[in-house]
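# Fold and geometry: a report
Each chain, letter by letter, is given below.
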Amino acid sequence: MTLTNQTITAIEITMFPDGRFDAKNAASYLGLKEKTLAMMRGNGSGPKFIKRGKIFYFKEDLDAWINATGRLTSTAQTNKR
């Protein structure tokens, strides 16, 4: 087993007291680009959101979306969905 030097980078995410994220922070939380999240929102493949002048996501909805598809053991499995 070969170990490589790995660097962990901390990111700052802002969450409102009620558990909401704006789109920028939701994308960071999910590890996506903000534009990718917007495209997913447009085609209905992303997590649940609300629109109150701006787009907001609740943390529990983001976590549910992450866990809804399950985990894969190979990239070939993504084509079978």
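It should be noted that the structure appears before, not after, this text.
Rules used throughout
- Residues numbered from 1 in each chain as written.
- Predicted model: local features only at pLDDT ≥ 70, side-chain atom pairs only at ≥ 80, totals over all residues.
- Heavy atoms only, no water.
- Helix = DSSP H or I, 4+ residues; strand = E, 2+ residues; numbered from the N terminus.
- Buried < 20%, exposed > 50% of the residue type's maximum accessible area, 1.4 Å probe, protein only.
- Lys, Arg positive; Asp, Glu negative; His and termini not counted.
- Salt bridge = Lys/Arg side-chain N within 4 Å of Asp/Glu carboxyl O.
- Contact = heavy atoms within 4.5 Å.
- Polar contact = N/O pair within 3.5 Å; in protein donor to acceptor, adjacent residues only side chain to side chain.

## Some points on the side chain of D22
- Considering the arrangement of structural elements, one finds D22 in strand 1 (residues 20-22).
- Salt bridges are absent for the buried D22, whose nearest opposite-charge side chain, K54, sits at 4.4 Å.
- For D22, the contacting residues outside a window of four places in its chain are F16, K54, I55, F56 and Y57.

## So, helix 1 (residues 23-30)
- All of the buried residues along helix 1 are A23, N25, A26, A27 and L30.
- Its buried side turned inward, helix 1 meets strand 1, helix 2 (34-43), strand 3 (54-58) and helix 3 (59-68).
- Of the residues flanking the end of helix 1, it is G31, one or two places downstream, whose phi is positive at about 80°.

## Describing the side chain of R20
- Along the polypeptide, R20 turns up in strand 1.
- Among the polar contacts listed, one links the side chain of R20 to the side chain of D18, at a separation of 2.8 Å.
- Non-local contacts of R20, meaning those with residues more than four positions away in its chain, are made with M15, I50, F56, Y57 and F58.

## Examining the pattern of salt bridges
- On inspection of all chains with the given rule, the structure shows 2 salt bridges.
- Note that R20 and D18 form a salt bridge whose closest N and O atoms lie 2.8 Å from each other.
- By relative accessible area, which is 45% here, D18 ends up partly exposed.
- A salt bridge links D63 to K59, with the shortest nitrogen-to-oxygen separation between them at 2.8 Å. In this pair, D63 and K59 both sit in helix 3, 4 residues apart, roughly one turn of the helix.
- Given a relative accessible area of 30%, K59 falls into the partly exposed group.

Interpretation in functional terms is not warranted from these geometric data alone.
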